Amino acid sequence: MIDNFQQDKTELIEERLKAQVLTLDGAMGTMIQRLKLEEKDFRGEQLQDWHVLLKGNNDLLTLTQPDIIKDIYRAYLEVGADIIETNSFNATETSMADYELEHLAQDINYHAARLAREACDEFSTPEKPRFVAGVLGPTAKTTSMSPDVNDPGYRAIDFDTLVNDYYHSARALLAGGADILLVETVFDTLNAKAALFAIQTLFDDLNRKWPVMISGTITDASGRTLSGQTTEAFYTSIAHVEPLAVGLNCALGPDMLRPYVQALAEIAECHVSVHPNAGLPNEMGEYDLTPEIMAEQMQEWFDEGWINIVGGCCGTTPAHIAALHTIAEQATPRTPKAKDTELRLSGLEIFRLQG
């Protein structure tokens, strides 16, 4: 890998966020599924004889089908996306172990960022620069809970292992040209803390910083993450890293996500990002929410000034992002809350100590 660390774009990104609501891209997996790729496509020329089935390993396509991934990046850029997420959601050694491809994790992260960098540079102009967000997904393992109901003390992974994993993935994303690191789809806040600790350690080692975005997932109508935190408690748990933006994504459509977006907007001392699903999946596992209806449901969020960055998660396509971008261009961006000295603590709930 050849380091392609980008110059610090924090000031430029902040200027853009003050000027307008920025548009994030939509779902990578949805676009890949539309192509109906077969096992041979995932293997490419590099892994024709691999002993494990690889179909469904979307991140691997970064290496085996780079043109496909770059074309998806371009499709979102063409409809106005300001920020492109790298195809690296599962590109950690922990997740790649399912395919016995741990040794490719860093290469996938690096090339996912490099392809996104090239695509963004194609579309960037002085008036509308495009940015690459290096994605760090949650993995399928949790450090907060036991997967074994008969052994509540058991953990499938430990904190230090995750930190090491995230450290190498984050470094490869930055080396490939990412402008931002995005810790997303957080269902377990302790996993996110491992990612954030790894990122802070990496920044110390490189003696510079990059903007960090964090996006949690409200898993159901309980209004909590899988590890049990409310939106306010989740924000309080990670606010100490002073992220560029904190947001919500996945699991729910905009109709069900609305109250949690409002709750986050009311307390966040940073920018707020949201990229919901295109509704809930139907009986066939597909998403029915059209771009027009999704934009209509989210119009209030713009009108109320709740958000700074908007995009789409599962089920969304360039058409969805185009509809959201049209509204975002006319919207007034949210102003982050002023920092205060109130002591806020969090477990599953937020606790405020008022003097």
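To start, this report covers the structure provided alongside it. (Residues numbered from 1 in each chain as written. Predicted model: local features only at pLDDT ≥ 70, side-chain atom pairs only at ≥ 80, totals over all residues. Heavy atoms only, no water.)

Bringing helix α12 (residues 291–303) into the picture now. Between its first and last C-alpha atoms α12 spans 18 Å; for 13 residues at 1.5 Å apiece the expected length is 18 Å, and the two agree. Bending of α12 peaks at approximately 35° at the position of Q297. Of all the positions in α12, only P291, M294, A295, M298, W301 and F302 are classed as buried. In this structure, the buried residues of α12 make contact with α11 (254–267), β7 (271–275), β8 (309–310) and α13 (318–330). One or two residues past the end of α12 sits G305, with phi positive at roughly 70°. (Helix = DSSP H or I, 4+ residues; strand = E, 2+ residues; numbered from the N terminus. Expected span 1.5 Å × (residues − 1). Bend = angle between axes of the 7 residues up to and from the residue. Buried < 20%, exposed > 50% of the residue type's maximum accessible area, 1.4 Å probe, protein only. Contact = heavy atoms within 4.5 Å.)

Our next topic: the side chain of S215. In this structure, S215 sits in strand β5 (residues 212–216). A polar contact is formed between the side chain of S215 and the side chain of N249, at a distance of 2.8 Å. If sequence neighbours within four positions are ignored, S215 has contacts with L182, V183, E184, T185, V186, F234, G247, L248, N249 and H275. (Polar contact = N/O pair within 3.5 Å; in protein donor to acceptor, adjacent residues only side chain to side chain.)

Now for the packing of aromatic side chains. Counted under the stated rule, the structure contains three aromatic pairs. Measuring from ring centre to ring centre gives 5.7 Å for F203 and W210, while their planes differ by 35°; the resulting arrangement is tilted. This pair shows no difference in class: F203 is buried, exactly as W210 is. Taken together, the aromatic side chains of F5, F203 and W210 make up a single cluster linked through ring pairs. Across from the ring centre of W210, 3.7 Å away, lies the NZ or CZ of R208, which sits over that ring. (Phe/Tyr/Trp six-rings, centres within 6.5 Å; stacked < 30°, edge-to-face > 60°. Lys NZ or Arg CZ within 6 Å of the ring centre and 35° of its normal.)

We now examine the sheet that holds β7. Ordered by their spatial adjacency, eight strands build an open sheet running β1-β8-β7-β6-β5-β4-β3-β2, and the pairing between neighbours is parallel. Across the chains shown, the open sheet's two edge strands, defined by having one partner strand only, are β1 (22–23) and β2 (83–85). In the sheet, β2 pairs with strand β3 (residues 131–136) via three bridges, with the strands oriented parallel. Paired with E85 across the strands is A133, a residue of β3. Set on the sheet, helix α7 (residues 105–123) makes contact with β2 and β3; between it and β3 the angle comes to about 160°. The sheet strands contacting helix α8 (residues 159–176) are β3 and β4 (180–186), and the helix crosses β3 at an angle near 165°. (Pairing = 2+ DSSP bridges. Axes fitted to C-alpha atoms, helices over the stretch in contact; angles between N-to-C directions.)

From the geometry alone we can't say anything about function, so treat these as descriptive.
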